[in-house]
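Survey of secondary and tertiary structure
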Amino acid sequence: MSEQSNTFLSKENLLTSDRIGALVFLLVCLCYGYQTTLIPLFPGDEYEPFTARTLPTLLTFAGIGLALILLVTGKQEPKKSCDTTPLNWKLLIGFLVLMALYGVGLTYLGFVLATGFFLLAGFYLLGERRKPILIGASFPFVIIFYLLLTQGLDIYLEPGLIYTLW
């Protein structure tokens, strides 16, 4: 092999941050795809065009396709002596705590309130401070999505314990 092909196939050029991220995303999509096969179907659903497995399966294929595209087209990074970009651990931990609170909040607050507050807090963590944008980008989107799921697709979403106590 020539000197140029050796440098192209070196570890530095093959394992870029884009490709590593694509590999992790591909692994997550494959695990999610396996989990979609475990979704139980009602009797007679095997003849329906749209079941509980349809959307998760389409999402799996889309994710796998995007991960493969990123693996193939991942950019080569210029060689650096050291990476000086600090990782934002506070933001990562903040989102992990926020996701855990969202999981608990779904039970008590229901889909609309828990998802609205989750988006609002997520936008806040990402640096958005304008109240009209925070509220306007979270709650209207959640309400439209809720109406699409419950009225359009006839999917039952848990209203939450607070709603059932009223």
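Whatever comes next refers back to the structure up there.
I will try to describe carefully the structure that is included in this document. In this text the structure is predicted, and so the values were computed from the model without any measurement. For every chain, the first residue of its written sequence is number 1, and the numbers climb from 1 along that sequence. Only residues with pLDDT of at least 70 are given local features in this predicted model, and only at 80 or more are side-chain atom pairs given and counted; all residues enter the totals for whole chains, interfaces and linings. The side-chain numbers reported here are obtained from all heavy atoms of the structure, hydrogens and water having been left aside.

Observations regarding the packing of aromatic side chains
Aromatic rings from Phe, Tyr and Trp, taking only the six-membered ring of Trp, are treated as a pair when their centres fall within 6.5 Å; an angle between ring planes under 30 degrees marks them as stacked, one over 60 as edge-to-face, and anything in between as tilted. What the rule picks out here adds up to five aromatic pairs. Taking the centre distance of 4.8 Å and the plane angle of 40 degrees together, the rings of Y102 and F118 count as tilted. On the criterion of sequence distance, the pair formed by Y102 in helix α5 (residues 89-109) and F118 in helix α6 (residues 111-125) is long-range, its members being 16 residues apart. Classification of F118 by relative accessible area gives partly exposed; the value is 22%. Runs of H or I in DSSP of at least four residues are treated as helices and runs of E of at least two as strands, each being numbered from the N terminus. Exposed residues in this analysis have more than 50% of their type's maximum accessible area, buried residues have under 20%, and partly exposed residues fall in between, with area computed by a 1.4 Å probe over protein chains only.

A short note on the pattern of salt bridges
Salt bridges are identified by distance alone: a Lys or Arg side-chain nitrogen within 4 Å of an Asp or Glu carboxyl oxygen. Under the definition given, this model contains one salt bridge. Between E128 and R130 there is a salt bridge, with its nearest N and O atoms 2.8 Å apart. Given the relative accessible area of 52%, R130 is considered exposed.

Looking at helix α4 (residues 54-73)
Multiply 1.5 Å by the residue count of a helix minus one, and that product is the helix's expected span. The end-to-end C-alpha separation of α4 is 29 Å, in line with the 28 Å expected for 20 residues at 1.5 Å each. Three or more residues of α4 are buried, namely T54, P56, T60, G63, I64 and A67. Throughout, a contact is declared for two residues whenever any of their heavy atoms are within 4.5 Å. Against the buried residues of α4 lie α3 (17-36).

Details of a nonpolar patch on the surface
What goes into a patch is any residue over 30% in relative accessible area without a salt bridge, connected to like charges within 9 Å or, for nonpolar side chains (Val, Leu, Ile, Met, Phe, Trp, Tyr), within 5 Å. Using a 1.4 Å probe, the Shrake-Rupley method yields the accessible areas, and only the shown protein chains count as cover for residues. A surface patch of nonpolar side chains, amounting to about 840 Å² of accessible area, comprises L87, W89, L92, I93, L96, V97, M99 and L101. Within the secondary structure layout, L92 lies in helix α5. A relative accessible area of 42% means that L92 is categorised as partly exposed.

A short note on the environment of G116
If you trace the backbone, G116 turns up in helix α6. A relative accessible area of 0% means that G116 is categorised as buried. Each C-alpha atom, one on G116 and one on V142, is 6.0 Å from the other, the two residues being 26 residues apart in sequence. Apart from residues lying up to four places away in sequence, G116 is in contact with F111, S138, F139 and V142.

Details of the packing of α5 against α6
Axes are the key here: two packed helices are described by the angle between their axes and the distance separating the axes. Viewed as axis vectors pointing N to C, α5 and α6 meet at an angle of 165 degrees, and their least axial separation amounts to 8 Å. Relative to α6, α5 is oriented roughly antiparallel. The interaxial crossing formed by α5 with α6 has right-handed handedness. Residues L91, G94, F95, L98, M99, Y102, G105, L106 and L109 of α5 touch α6, and the partners they reach there are F111, L113, A114, T115, F117, F118, A121, G122 and L125. Tallied by class, the residues present in the contact of α5 with α6 amount to 14 nonpolar, four polar and no charged. Inter-axis angles, ranging from 0 to 180 degrees, are taken between N-to-C directions of lines fitted to C-alpha atoms, where helices are fitted over the stretch in contact. Convention used here: angles under 35 degrees read as roughly parallel, angles over 145 as roughly antiparallel, angles from 65 to 115 as roughly perpendicular, and any remaining angle as oblique. Left-handed describes a crossing whose near helix is turned anticlockwise from the far helix through less than a right angle; right-handed describes the clockwise counterpart. Side-chain classes follow a simple rule in which Ala, Val, Leu, Ile, Met, Phe, Trp, Tyr, Cys and Pro form the nonpolar group, Asp, Glu, Lys and Arg form the charged group, and the remainder, Gly included, forms the polar group.

Thoughts on the nonpolar core
Residues belong to a common nonpolar core when they are buried Ala, Val, Leu, Ile, Met, Phe, Trp, Tyr or Cys residues joined through side-chain atoms within 4.5 Å. Counting residues in hydrophobic clusters, the biggest one holds five residues: F111, L119, V142, L149 and L157. Of all the elements in the fold, those that place two or more residues in this core are α6 and α7 (131-152). Beyond its immediate chain neighbours, meaning those up to four positions away, F111 contacts Y102, L106, G116, V142, F145, Y146, L157 and E158.

Digging into the environment of A67
Structurally, the position occupied by A67 is in helix α4. Note on A67: relative accessible area 1%, which makes it buried. Each residue touching A67, except ones within four places of it in the same chain, is listed here: A22, F25 and L26.

Some thoughts on the side chain of S138
Along the chain, the position of S138 falls in helix α7. Setting aside residues no more than four positions away along its own chain, S138 makes contact with G116, L119, L120 and F123.

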